[in-house]
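What follows is the residue order along each chain.
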Amino acid sequence: MDIPDYTEEPFEWYKKMRKESPIIRSGNTIHVFKYTDISEVLSNYHVYSSQFRDLLGGELAEMMNQKTSPSILILDPPIHAILRNLVSDAFTPATIEPYREKIRKIASRLVENMKDMEWQDAVTEFSYLLPITVISEMLGVPESDSNLFREWSDKLATSLGREPDIETQYEMADYFYGKIDREGLRNNLISRLSRVEIEGRQLTDREIAGFAILLLVAGNETTTNLITNAFLSIHESTGMYSNIRNNSGIIPSVVEETLRYRSPVQSTRRYAKVDAELHGIEILKDDILNLYLGSANRDETIFQKGEIYDPYRTTKRHMAFGQGIHFCLGASLARLEARIALEEFSRNIVSYDVETPKPEDRLDSDILYGFRKLLIKPEFKKI
Ligand code: HEM
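Residues numbered from 1 in each chain as written. Predicted model: local features only at pLDDT ≥ 70, side-chain atom pairs only at ≥ 80, totals over all residues.

## A look at helix α7 (residues 99-114)
Here is step 1 of the chain: Here α7 is 16 residues long and its end C-alpha atoms lie 23 Å apart, about the 22 Å a rise of 1.5 Å per residue gives.
Here is step 2 of the chain: All of the buried residues in α7 are Ile103, Ile106, Ala107, Val111 and Met114. The buried residues of α7 occupy an angular sector of 135 degrees when the element is viewed end-on, so they sit on one face. Opposite the buried face of α7, at more than 90 degrees from it, the exposed residues are Glu101 and Glu112.
Here is step 3 of the chain: Looking at the buried side of α7, the elements it contacts are β4 (120-121), α8 (122-127), α9 (129-139), α17 (331-348), β11 (349-354) and β12 (375-380). (Helix = DSSP H or I, 4+ residues; strand = E, 2+ residues; numbered from the N terminus. Expected span 1.5 Å × (residues − 1). Buried ≥ 20, exposed ≤ 12 C-beta atoms within 10 Å, placed from the backbone. Arc of directions from axis to C-beta. Contact = placed C-beta atoms within 7 Å.)

Okay, structure coming up:
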């Protein structure tokens, strides 16, 4: 089966697959393209597991377990729910509300800095800096380490779905071991995790490091891509930027439509714990299911004219944040950041030009969709 590589847009391929082979086997991997089939897999965690280290087994899993315990993303119930409950409080809309003004300040400063340049890279100057600053603050790590985080998070993002990058995981684990705070001297998420107890015991260093790495990587690259993808999608849609400037009330819908149209996470995986059947297709124990969220989000049976970027569409139930028990914990935070980013950008910038990204500017990932670089030329309000 010819799977497009990261330099190509996957959407035409998804469309063809939805029509001709919506569920197709290639070796021990089953590729799933339609919304309802993906939804079925994601809701049935008794059959379809996220615990990939169990499947991996052997030396590789042992090497990974040496420094970090599996994060909630790759755990099944009941332990998944127990650990998720420990952090879920930190990400409710009410808990993140106090970050609103901080996020606005950072976004406004970043827009201000853009004034000094004509053509500039929106990723380096803007999209990347907002999420990293916010998550660093939540975790209680200094902003000055942000270059280190970018390097790590780029490496881990590239390795997603490919060979695990053990070396980077080790480096990150060692870094976070140094931030563990059993005495409760600081007030941040890592300190909180260092002190909580589950079933009469504290989290181990490896569990805390696993959590911190997940939050840093999951919260960073994805939100950066969402903001960059919004800049590009808005620019491609004639008149959309003026609509936003005339009515900022449309921004939440612009964010949702960007999540649907250019989903930052294009696919996720599960494996079958037992033999099963999916829409008439035989699934064997240990088969891996590749679930194309980016295709579900263009599925014509759910989204009319799904290939058109239309923030005014009424059906908004995209799967960009997944579905079911692993639904993205950071969804409210990502939405808040992206909305504020667009509000601050459009309040100050009258119009902007974009240089169409080249294939090599795309993120080198089989799973994430975004750009390493997006050249834009903003025109500021004259005072
Ligand atoms: C636009 C931004 C984001 C997108 C598109 C996104 C997407 C996703 C998706 C698709 C999943 C489910 C994966 C699966 O079921 O296999 C997920 C899970 C998760 N995300 Fe996000 N995410 C984003 C931002 C964030 C942020 C800002 C954070 C935290 C700071 C975060 C933390 C998590 C965590 C902890 C999980 C695992 C939840 C669980 O397994 O129970 N994400 N995300």
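## As for the sheet that holds β11
Here is step 1 of the chain: Strand order in this open sheet of three strands is β4-β12-β11, and the pairing throughout is antiparallel. Looking at which strands have only one partner, the edges of the open sheet turn out to be β4 and β11.
Here is step 2 of the chain: By the bridge criterion, two bridges tie β4 to β12 in an arrangement that is antiparallel. Of the residues in β12, the one forming a bridge with aspartate 121 is leucine 375. (Pairing = 2+ DSSP bridges.)

## Focus: the sheet that holds strand β3 (residues 48-49)
Here is step 1 of the chain: One open sheet accounts for five strands, arranged β1-β2-β10-β7-β3; its pairing is mixed. Strand pairing shows two members of the sheet lacking a second neighbour, β1 (23-26) and β3, which therefore form its edges.
Here is step 2 of the chain: Where strand β7 (residues 268-272) lies against strand β10 (residues 288-291), four bridges are found, and the strand directions are antiparallel. When the sheet's bridge partners are listed, tyrosine 271 is paired in β10 with isoleucine 288.
Here is step 3 of the chain: Contacting β1, β2 (29-32), β3, β7 and β10, helix α2 (residues 35-43) runs over the sheet at an angle of about 130 degrees to β10. (Axes fitted to C-alpha atoms, helices over the stretch in contact; angles between N-to-C directions.)

## A short note on the packing of α7 against α9
Here is step 1 of the chain: Between α7 and α9, the shortest axis-to-axis distance is 10 Å and the interhelical angle comes to 145 degrees. Handedness of the α7/α9 crossing: right-handed. Every residue of α9 that contacts α7 at Tyr99, Ile103, Ile106, Ala107 and Leu110 is listed here: Leu129, Leu130, Thr133 and Val134. (Left-handed = near helix turned anticlockwise from the far one by under 90°.)

## Topic: the environment of aspartate 76
Here is step 1 of the chain: Tracing the chain through its elements places aspartate 76 in the loop between α4 (58-67) and α5 (79-88).
Here is step 2 of the chain: Under the C-beta neighbour-count criterion, aspartate 76 is labelled buried, with 20 such atoms within 10 Å.
Here is step 3 of the chain: As for aspartate 76 and aspartate 2, which are separated by 74 residues in sequence, their C-alpha atoms are 31 Å apart.
Here is step 4 of the chain: Apart from residues no more than four positions distant in its own chain, aspartate 76 is found in contact with Tyr45, Ser49, Ser50 and Gln51.

## Side note on the site of the ligand
Here is step 1 of the chain: Around the ligand lies a shell of 24 residues, among which Gly219, Gly322, His326, Cys328 and Gly330 are the nearest.
Here is step 2 of the chain: Contributing elements (two or more residues each) for the shell around the ligand: α13 (205-236) and α17.
Here is step 3 of the chain: For the shell around the ligand, the class distribution of residues is 16 nonpolar, seven polar and one charged. (Near = placed C-beta within 6 Å. Nonpolar A, V, L, I, M, F, W, Y, C, P; charged D, E, K, R; others polar.)

## Some thoughts on the packing of helix α10 (residues 146-159) against helix α11 (residues 166-177)
Here is step 1 of the chain: Two elements in contact, α10 and α11, have axes whose closest approach is 10 Å; the angle formed by their N-to-C orientations is 140 degrees. Seen from above, α10 lies across α11 with left-handed handedness. Residues Trp152, Lys155 and Leu156 of α10 form the contact with α11, whose participating residues are Thr168, Glu171 and Met172.
Here is step 2 of the chain: Taken together, the residues of the contact of α10 with α11 sort by class into three nonpolar, one polar and two charged.

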